[in-house]
Amino acid sequence: MVKVKILPDKENASEEVAQMMHDLIVEKPNAVIGVATGSTPELAYDLLAEKIKENNTDVSQLQFFALDEYIALPWDHPESYHAVINRTVTVPLGVDPSQVHVPEAPDDATEGPVRYYDEQIEAAGGIDLQLLGIGRNGHIGFNEPGTPFESPTHVGRLTEMTRQDNSRFFDSVDEVPPLAVTQGIGTILKSRKAILMAFGEAKADAIRDSLAEPPAEERPGSGLQLHSDCVFYLDEAAAAKVDCEPLKVD
Ligand code: GLP
């Protein structure tokens, strides 16, 4: 089931998410946290880093699992998700790199399941809190439209829209890798709690489609309706086209 929380802006929503993450870390110092890339969660990570500093919070036992990684992009490329997660999560939160897992994405990987990552997540005790953003076409992680809801971590092919959207981080769209390893929707659905953040009018269609019933694999975000505890944190622009009566939380 998806609950929806609509806040005036990204700053308010990011503050709530950062506070929730900090509360979890204090309550469960060995929590396992799933982290997303993209611009959406960056402010929440910054605010969480401030809270950790202010409270001198113990982060030494946490474990982090990134959602995805491009194939055939060297780890030292600034837009590889190894580099992005290091820059936005590992360094600011002050955790040791050994606590942070990002899928390996060998150059010769072919489309299909990549099970070792799900096994690593299970061995860590499963994800307590999974953070998610969403693409304009509704993708979560790199689960593009048509991905089975039960999919494990796998190699998937990016759509042209996703490559175009992500080309803003590269010199040209041709540099955006066509393949990526991503936690599957099935992997994401196993997390104990999931938080999806979406801000701005560009995400309004994807949010409307994610909440439209019944869930359908053509709309990856709608798979989250099958999650036992998922909350969408939206600003008003991203929530503008929601045409069902969402279950709002205060
Ligand atoms: C990428 C990531 C997704 C992310 C999406 C949206 O494709 N793989 O995890 O949700 O971008 O990015 P942004 O938050 O920058 O809009």
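Overview of the structure. (Residues numbered from 1 in each chain as written. Predicted model: local features only at pLDDT ≥ 70, side-chain atom pairs only at ≥ 80, totals over all residues. Heavy atoms only, no water.)

Each packed pair of helices is defined by two parameters, the angle between the axes and the distance between the axes. Contact geometry for helix α1 (residues 10-27) and helix α2 (residues 42-55): axes closest at 8 Å, N-to-C directions at 45°. In terms of their interaxial angle, α1 and α2 are classed as oblique. For α1 against α2, the interelement crossing comes out right-handed. Within the contact between the two elements, α1 uses K10, E11, S14, E15, V17, A18, Q19, M21, H22 and I25 and α2 uses L43, A44, L47, L48, K51, I52 and N55. Residue composition of the contact of α1 with α2, grouped by class: 9 nonpolar, 4 polar and 4 charged. (Axes fitted to C-alpha atoms, helices over the stretch in contact; angles between N-to-C directions. Helix = DSSP H or I, 4+ residues; strand = E, 2+ residues; numbered from the N terminus. Parallel < 35°, antiparallel > 145°, perpendicular 65-115°, else oblique. Left-handed = near helix turned anticlockwise from the far one by under 90°. Contact = heavy atoms within 4.5 Å. Nonpolar A, V, L, I, M, F, W, Y, C, P; charged D, E, K, R; others polar.)

Taken together, 14 residues surround the ligand, and among them S39, T40, H139, R168 and K203 come closest. At 2.4 Å, a side-chain N or O of T40 approaches an oxygen atom of the ligand. Here an oxygen atom of the ligand sits 2.6 Å away from a polar atom, N or O, in the side chain of K203. For the ligand, whose unbound accessible area comes to 390 Å², protein coverage reaches 94%. Class assignment for the residues of the shell around the ligand results in 3 nonpolar, 8 polar and 3 charged. (Near = heavy atom within 4 Å. Polar contact = N/O pair within 3.5 Å; in protein donor to acceptor, adjacent residues only side chain to side chain. Areas by Shrake-Rupley, 256 points an atom, 1.4 Å probe, with all protein chains shown as cover.)

Relative to strand β3 (residues 63-66), strand β2 (residues 32-35) runs parallel, the two being bridged by 4 bridges. Residue pairing in the sheet places I33 in a bridge with F64 of β3. One crossover worth recording links β2 to the parallel β3 by way of α2, and it is right-handed. Bridge analysis of β3 against strand β5 (residues 100-101) gives 2 bridges, and the strand direction is parallel. Within the sheet, the bridge partner assigned to F65 lies in β5 and is H101. (Pairing = 2+ DSSP bridges. Right-handed = clockwise from strand over helix to strand, strands pointing away.)

With respect to the element layout, R219 can be found in the loop between α7 (204-211) and β11 (230-235). Of the side chains bearing the opposite charge, D209 lies closest to the buried R219, which forms no salt bridge; the N-O distance is 5.7 Å. Those residues in contact with R219 that sit more than four places away from it in its chain are F149, D209, A212 and P214. (Buried < 20%, exposed > 50% of the residue type's maximum accessible area, 1.4 Å probe, protein only. Lys, Arg positive; Asp, Glu negative; His and termini not counted. Salt bridge = Lys/Arg side-chain N within 4 Å of Asp/Glu carboxyl O.)

The subject of this paragraph is helix α3 (residues 81-93). The largest bend along α3 reaches roughly 35° and is located at R87. Turning to α3, its buried residues are Y81, H82, A83, V84, I85, T88, V89, T90 and L93. The inward-facing, buried residues of α3 abut β2, α2, β3, β4 (68-70), β5 and α5 (160-166). G94 occupies a position one or two residues after α3 and carries a positive phi of about 75°. (Bend = angle between axes of the 7 residues up to and from the residue.)

We now examine the pattern of salt bridges. Throughout the structure, instances matching the rule amount to 13 salt bridges. For the salt bridge of D128 with K28, the shortest nitrogen-to-oxygen distance reads 2.9 Å. Remark: K28 occurs in the loop between α1 and β2 and D128 occurs in the loop between α4 (116-123) and β7 (129-132); sequence separation between them is 100 residues. A salt bridge links R192 to D128; the nearest nitrogen and oxygen atoms lie 2.9 Å apart. Remark: D128 occurs in the loop between α4 and β7 and R192 occurs in the loop between α6 (185-189) and β10 (193-198); sequence separation between them is 64 residues. Classification of R192 by relative accessible area gives partly exposed; the value is 42%. Exposure remark for D128: the relative accessible area of 9% places this residue in the buried category. Each of the salt bridges in this network shares a partner with another, and the network as a whole consists of D205, R208, D209 and K241.

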